[in-house]
Amino acid sequence: MTDIVITEFMDEAAVAALSARYKVHHDPELFGKTDELARLVADVPALIVRNQTQVRGDVLAAAKTLKVVGRLGVGLDNIDMDVCTARGIKVFPATGANSLSVVEYVIGSAMVLLRGAYFANAAMVAGEFPKTKLIGREIAGKRLGLIGFGAIARDAAAHGRMLGMTTVAYDPYVPAADKAWAGTERLDLDTVLSTSDVISIHLPLTPETKGLIGKDAFAKMKPDAILINAARGGIMNEEALVAALTSGKLGGAAIDVFAQEPLREAGKLFADVPNLILTPHIAGNTVESNGRVSGLVAERVMAALEGRA
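Since the structure is predicted, the reported quantities are computational estimates derived from the model, not experimental observations.

## With respect to the nonpolar core
1) Next: Grouped together as the largest cluster of nonpolar side chains are 31 residues, with contacts concentrated most on I213, F218, M221, L227, L241 and L250.
2) Next: At the level of elements, α8 (189–195), β9 (198–201), α9 (215–220), α10 (238–246) and β11 (252–255) are the ones that each hand at least two residues to this core.
3) Next: With five residues, α10 is the largest single contributor of residues to this core.
4) Next: Grouped together as the second largest cluster of nonpolar side chains are 28 residues, I107, A153, A180 and I228 included.

## Some points on the UniProt feature "domain: D-isomer specific 2-hydroxyacid dehydrogenase NAD-binding" (unreviewed entry) in the chain
1) Next: Here the UniProt feature "domain: D-isomer specific 2-hydroxyacid dehydrogenase NAD-binding" (unreviewed entry) sits at residues 109–283.
2) Next: The distance from the first to the last C-alpha atom of residues 109–283 is 10 Å, and the span holds 26% helix and 16% strand.

## Overview of the domain arrangement of the chain
1) Next: Domain boundaries assigned for the chain yield domain 1 (4–93 + 288–306) and domain 2 (98–278).
2) Next: Averaged C-alpha coordinates put domain 1 and domain 2 at centres separated by 31 Å.
3) Next: Listed as interface residues are ten residues of domain 1 and, on the opposing side, six residues of domain 2.
4) Next: Between domain 1 and domain 2, roughly 600 Å² of surface is buried when both sides are summed, and carbon and sulfur atoms account for 42% of that area.
5) Next: It is D77, S289 and R292 in domain 1 that bury the most area against domain 2; as a group they hold 49% of the surface buried on that side.
6) Next: Joining domain 1 to domain 2, the criterion identifies two residue pairs in polar contact (both at pLDDT 80 or more).
7) Next: Looking at the side of domain 1 that touches domain 2 element by element, the count peaks at three residues for helix α11 (residues 287–305).

## Re the packing of aromatic side chains
1) Next: Inspection of the entire model under this criterion finds two aromatic pairs.
2) Next: Centre to centre, the rings of F149 and W181 are 4.6 Å apart; their planes meet at 20 degrees, and the pair counts as stacked. With F149 in the loop between β6 (143–147) and α7 (151–162) and W181 in the loop between β7 (166–170) and β8 (184–186), the pair connects residues that are 32 residues apart, well separated along the chain. Across the pair, exposure class does not vary: F149 and W181 are buried alike.
3) Next: Lying across the ring of F9, R50 places its NZ or CZ 3.7 Å from the centre.

## A look at the side chain of R71
1) Next: By secondary structure assignment, the location of R71 is in strand β4 (residues 68–71).
2) Next: For the buried residue R71, which engages in no salt bridge, the nearest side chain bearing the opposite charge is D77, 5.8 Å off.
3) Next: In this structure the side chain of R71 is engaged in a polar contact, spanning 2.7 Å, whose partner is the backbone oxygen of G75.
4) Next: Ignoring any residue separated from it by four or fewer positions in sequence, one finds R71 in contact with V49, R50, N51, L76, N78, I79, F92, P93, A94, R232 and V297.

## Focus on the environment of G252
1) Next: Tracing the sequence through the fold places G252 in strand β11.
2) Next: A relative accessible area of 0% places G252 in the buried class.
3) Next: Note: C-alpha distance between G252 and G116 (136 residues apart in sequence) is 9.0 Å.

## Things to note about the sheet that holds β6
1) Next: The strand order across the open sheet built from seven strands is β8-β7-β6-β9-β10-β11-β12, with neighbouring strands paired in parallel fashion. With partners counted over all chains shown, the strands left at the sheet margins are β8 and β12 (276–278), one partner each. The sheet shows a mean angle of 15 degrees between the axes of neighbouring strands, taken without regard to direction.
2) Next: Sheet topology places strand β10 (residues 226–229) next to β11; four bridges connect them, and they run parallel. Its bridge partner lying in β11, I228 is registered against A254.

## Here's the deal with the pairing of β7
1) Next: Bridge count between β6 and β7: five bridges; the pairing is parallel. Bridging from a neighbouring strand, I147 pairs with Y170 of β7.
2) Next: For the segment spanning β6, α7 and β7, crossover handedness is right-handed.
3) Next: With three bridges connecting them, β7 and β8 associate as parallel partners. Along β8, the bridge assignment pairs V168 with E185.

Calculation criteria
Just so you know, the residues in each chain are numbered from 1, in the order the chain's sequence is written. Owing to the predicted nature of the model, reporting of local features is limited to residues with pLDDT of at least 70; listing and counting of side-chain atom pairs is limited to 80 or more, with chain, interface and lining totals taken over all residues. To obtain the side-chain values, all non-hydrogen atoms of the structure were included, while hydrogens and water were left out. Buried Ala, Val, Leu, Ile, Met, Phe, Trp, Tyr and Cys residues that are joined via side-chain atoms within 4.5 Å together make up what is termed a nonpolar core. Classification of residues uses two cut-offs on accessible area relative to the type maximum, computed with a 1.4 Å probe and protein chains only: under 20% is buried, over 50% is exposed, and between them is partly exposed. Secondary structure is summarised from DSSP: a helix means a run of H or I of at least four residues, a strand means a run of E of at least two, and numbering begins at the N terminus for each. UniProt positions are given in the numbering used here, feature names are shortened, and annotations may be inferred rather than shown by experiment. An automatic or database domain assignment is the source of the domain bounds shown. Note on contacts: a residue pair is in contact if any heavy atoms of the two residues lie within 4.5 Å. Buried surface area refers to the total accessible area, computed with a probe of radius 1.4 Å, that the two partners give up upon joining, counted for both partners together. Two N or O atoms count as a polar contact when they lie within 3.5 Å, although within protein this holds only if one can serve as hydrogen donor and the other as acceptor, and sequence-adjacent residues are included solely when both atoms are side-chain atoms. Classification of ring pairs uses Phe, Tyr and Trp, with its six-membered ring standing for Trp, and accepts pairs whose centres are within 6.5 Å; under 30 degrees between planes counts as stacked, over 60 as edge-to-face, and the remaining range as tilted. For a Lys NZ or an Arg CZ to count as sitting over a ring, it must be within 6 Å of the ring centre and within 35 degrees of the ring normal. Counted as positive: Lys and Arg. Counted as negative: Asp and Glu. His and the chain ends are not counted at all. By definition here, a salt bridge exists when the distance from a side-chain nitrogen of Lys or Arg to a carboxyl oxygen of Asp or Glu is within 4 Å. Criterion used throughout: strands pair if DSSP finds at least two bridges between them. In this analysis an axis means a line fitted to C-alpha atoms, helices contributing only their contacting stretch, and an angle means the value between N-to-C directions, from 0 to 180 degrees. Place the viewer so that the strands point away; then a crossover is right-handed whenever the path from the first strand over the helix to the second strand goes clockwise.

Written as structure tokens, this is what we have:
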């Protein structure tokens, strides 16, 4: 009998640690095989997933003996938390373990897009030397505006300040008296949007945040602003982003998360859009963070199975 089903990629050392004590079924592509997944989880006490596995509906209903879900990441929008809570299923995200990778993605993307010199391959190969067209901007002295001010956003603010940025943020759920605001100015959403040089989204996807960054929000941004979304797809309206970039009303964007993942046909929307970096929900995934995330989740799942958590 299988004890633990792992539906997406996980660090091999962590899988080995689990396999030394439990019978493990690990298929990195299982998230896309809904019927097989429902059959496999029918009698297992533990399930480990990333963001592509939908732990809800028929899959969760089929998991009659499920006791614990390990989430290789921090977002929980792919897990029906109401049902898990009602059934006493413990859910353990890898809080904090991939923060540095996300922060480096945000800062690195901002630097690339501000500098603007890294999209010149085609011109260079064609024999051109577009030196005057590629005079970009420094990150030092720019304002980093954070939409949401949780742990990752706070780390991004700290890294930004080390590079000479000033930092502001919008988050109505973090009280003004919270010590987290030290070094970062607390502003309303419209002011963050209209005054920031780099805007980075750090929100969960909820009914309240869905579509928050749309046509009206883009209209408030500086025409040379940089937008980064490594939080959740659906918070930002993709059609509005494309319109802003193609009309020259936004300086650039790096988008790691999408309303539909994988993009498939929806990817055509982004074809030939200037100053745009697209990545496959990978901001939090590096060799180092995968090791930290996998190790932390493996330990928490084992602790739960052994009555230690």
